[in-house]
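In case you want the letters, here they are:
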Amino acid sequence: MIGLISATAAGAAARDRLAAAWPDRTRVYDGPVGDAVRRAFAECEQLVCFLATGAVVRLIAPLLRDKAADPGVVCVDEGGRFVVSLVGGHGGGANELAREIGELLGAEPVVTTATDAVGVPGLDTLGLPVEGAVAAVSRALLDGEPVALHNESLWPVPPLPVAAEGAYGIRVTDRLVEPSEREVVLRPPTLVVGVGASKGAPAEEVLELIGSSLREAGLSPKSIAELATVDAKAEEPGIVAAAERLGVPLVTHSAEELAAVEVPNPSDAPLAAVGTPSVAEAAALVRGGELLVPKRKSAATPAMATCAVVRRPVRGRLAVVGLGPGARDLLTPRAKAELRRASVLVGLDQYVDQIRDLLRPGTRVLESGLGAEEERARTAVEEARKGQAVALIGSGDAGVYAMASPALAEASDDIDVIGVPGVTAALAAAALLGAPLGHDHVSISLSDLHTPWEVIERRVRAAAEADIVVTFYNPRSRGRDWQLPKALAILAEHREPATPVGVVRNASRPDESARLTTLAALDPATVDMMTVVTVGNTATRDIAGRMVTPRGYRWQEGAK
């Protein structure tokens, strides 16, 4: 819960905006400010104080105990101009909260944590359990000292400015190792523990079995991703309590699924009890992986629990990111987050140049020129298969005439693929023209590099006959100068010469231009590959210089 505290009417107005936006995340603390801060500090994970930073420092100073346990504290000035991450930037989540509030209130987030200030991710903010010399290794990263990364688990970590060798080190491993005095150990969630239990098995017995199995195998309990069992044991109190105390999800599978898994130690007892010859091993192995600990029974007499441990296959991460039409303010927050998360960026060189300043230090950039789309798609998938966190970028929306399609054609189910939508050229152009896409519309690329012209022509004719608004991508280049006139001629067979046509070049970029003409008056020679051409339907109108397609056909009927 986020506690909200204010002292003035101006602060209360901003406070109430935040409370209205996040009703399930926030709680307003009224009354004397000192009392409100003390109550919120004791009851909430985070505080947002709409007060001067000096006042907040004095109020919280006596309450601070341990940065690992204290709530994150954010200050917002009463003018709503700045959002300051004051305490608990990493551990308390104040840095990210300041950025969220900044987006919501239109304020500037102020984050002074050293790693954030220079774009290096904090080692304690990577979402993985961390042990060792966090402060010392972080300082080495900031000072440019060589820090070696040993990613034993091949886990997709964010970019870090690391070297092959160094006096300091970061180790990513699920093995039970102690970090050295100049080392940080990150624990990736690679281990699946399959669990079986008799009815009434105590949680302590289940936990002791899991703990001893991991210790003897040299594995860290901090790398447990989940406990897994059969559906019939989904509510077994000992298993449920064990998962809760370990802080991991309990995942269940049907007996039919588990019975189909080949295991080294099947048994008749679970077959008779729950319908599968294996619970612990099969539940751990059902999604594949390496069996590190075969089925073991607990030491109690009689033994009431079994477990097995599997290291699940590491899955690389491929984010296919749409950059929008070019303007920085049309690049979505989600796209920015994915760019900063990626350890490898793959993209067209001119698109890389657009967002290079957003990349974290240590990001490996693989860029190429026009015509290498399929090669970029293959490269991105190959890097993800190596366990990397990869961002593959495209303009507009990456799924619209861009990189998502070739990438997904290359990818299989051995990597995670995340699509990040972007503002398309058609949408950016439409916003400049007015509202040309107010009714049914279609986008058609006139480039025949990947599609035979016969197919393109058939689609244009179908759109013309169906009276659908058409947006043409890739309308004309120096080597393709006849396709646009042909497409316009097809549309002219079904639409009046005065049909509005919008022509937008470089939408949202500094040299953007937009003009409204007609189907009869459009000169194809004025169009190039940087242009989007939108042809209205029979209901589209020029209203006060704006291209408008009504949502229905009643306007058209009324105009007759």
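Preceding this paragraph is the structure being described.
Residues numbered from 1 in each chain as written. Predicted model: local features only at pLDDT ≥ 70, side-chain atom pairs only at ≥ 80, totals over all residues. Heavy atoms only, no water.

*Asks:* What should I look at first to understand the pairing of strand β23 (residues 469-473) in this one?
*Replies:* On a regular strand, each side chain points to the face opposite its neighbour's, so the side chains alternate between the two faces of the sheet. Most of β23 is tucked away: five of the five residues are buried. Taking every second residue as pointing to the same face, both faces of β23 are buried, with Val469, Thr471 and Tyr473 on one and Val470 and Phe472 on the other. Sheet topology note: the strand β22 (residues 441-445)/β23 ladder contains five bridges and is parallel. In the sheet register, Val442 faces β23, and the bridge partner there is Val470. As for the winding sense of the linkage, the β-α-β connection from β22 through helix α17 (residues 453-465) to β23 is right-handed. Of the pairings in the sheet, the one linking β23 to strand β26 (residues 531-535) comprises three bridges and is antiparallel in character. Paired with Thr471 across the strands is Thr534, a residue of β26. (Buried < 20%, exposed > 50% of the residue type's maximum accessible area, 1.4 Å probe, protein only. Helix = DSSP H or I, 4+ residues; strand = E, 2+ residues; numbered from the N terminus. Pairing = 2+ DSSP bridges. Right-handed = clockwise from strand over helix to strand, strands pointing away.)

*Asks:* I'm lost on helix α4 (residues 94-105) in this one. Help?
*Replies:* The terminal C-alpha atoms of α4, which comprises 12 residues, lie 16 Å apart, in line with the 16 Å expected from a rise of 1.5 Å per residue. The positive-phi residue at the C-terminal boundary of α4 is Gly106, with phi of around 70°. (Expected span 1.5 Å × (residues − 1).)

*Asks:* Help me understand the pattern of salt bridges, please; the structure alone is not making it clear to me.
*Replies:* When their charged atoms lie close together, side chains carrying opposite charge are able to pair. What the rule picks out here adds up to 33 salt bridges. Two residues, Arg27 and Glu43, come together in a salt bridge whose shortest N-O distance is 3.5 Å. Of this pair, Arg27 sits in strand β2 (residues 26-28) while Glu43 sits in helix α2 (residues 33-43), and the two are 16 residues apart along the sequence. When its relative accessible area of 36% is taken as the criterion, Arg27 is described as partly exposed. Within this structure, Glu152, Arg171, Arg175 and Glu183 form a network of salt bridges that share partners. (Salt bridge = Lys/Arg side-chain N within 4 Å of Asp/Glu carboxyl O.)

*Asks:* Help me out: how do you make sense of the environment of Arg296 in this one?
*Replies:* Here Arg296 lies in strand β14 (residues 290-297). Residue Arg296 is classed as partly exposed on the basis of its relative accessible area of 24%. For the pair Arg296 and Ala280, spaced 16 residues apart in sequence, the C-alpha to C-alpha distance is 8.7 Å. When residues no more than four places from it in sequence are discounted, the contact partners of Arg296 are Leu209, Ser212, Ser213, Glu216, Ala305, Thr306 and Cys307. Among the polar contacts made by the side chain of Arg296, one reaches the side chain of Glu216 at a distance of 2.8 Å. (Contact = heavy atoms within 4.5 Å. Polar contact = N/O pair within 3.5 Å; in protein donor to acceptor, adjacent residues only side chain to side chain.)

*Asks:* How do you make sense of the side chain of Glu236 when you look at a structure like this?
*Replies:* Considering the arrangement of structural elements, one finds Glu236 in the loop between β12 (224-230) and α8 (237-246). Residue classification places Glu236 among the buried positions, given a relative accessible area of 9%. Excluding residues within four positions of it along the chain, Glu236 makes contact with Ser198, Lys199, Gly200 and Ala201.

*Asks:* Explanation requested: the sheet that holds strand β18 (residues 364-368) in the structure shown.
*Replies:* Where strands meet in a sheet, backbone hydrogen bonds hold them as pairs that are either parallel or antiparallel. Pairing is parallel across the open sheet formed by five strands, whose spatial order is β18-β17-β19-β16-β20. Bordering the open sheet on either side are β18 and β20 (415-420), each of which pairs with just one other strand. Taken over all neighbouring pairs, the strand axes of this sheet differ in orientation by 15° on average, direction set aside. With six bridges connecting them, strand β16 (residues 316-322) and strand β19 (residues 389-394) associate as parallel partners. Paired with Val320 across the bridge in β19 is Leu392. Here helix α12 (residues 333-341) sits on the sheet and contacts β16, β17 (344-348), β19 and β20; the angle it forms with β16, its principal contact strand, is near 140°. (Axes fitted to C-alpha atoms, helices over the stretch in contact; angles between N-to-C directions.)

*Asks:* Help me out: how do you make sense of the sheet that holds strand β4 (residues 72-76) in this one?
*Replies:* Taken in spatial order, the six strands line up as β2-β1-β3-β4-β5-β6 in an open sheet, and their pairing is mixed. Because the sheet does not close on itself, it has two edges, and the strands there are β2 and β6 (108-110). Mean inter-strand twist for the sheet, computed between neighbouring axes without regard to direction, equals 25°. Bridge count between β4 and strand β5 (residues 82-87): four bridges; the pairing is antiparallel. When the bridges of β5 are listed, Val73 appears paired with Val87. Where helix α1 (residues 9-21) meets the sheet, it contacts β1 (2-6), β2 and β3 (46-50), and its direction lies at approximately 160° from that of β1. In the packing of helix α3 (residues 53-60) onto the sheet, contacts are made with β3, β4 and β5, and the angle to β5 comes to roughly 25°.

*Asks:* Would you mind going over the environment of Arg328 with me for this structure?
*Replies:* Summarising the element assignment, Arg328 is placed in the loop between β16 and α12. Separated by 181 residues in the primary sequence, Arg328 and Arg509 have C-alpha atoms spaced 9.1 Å apart. Setting aside anything within four residues of it in sequence, one finds Arg328 in contact with Lys336, Gln354, Ile355, Asp357 and Leu358. At 2.9 Å, the side chain of Arg328 forms a polar contact with the side chain of Asp357.

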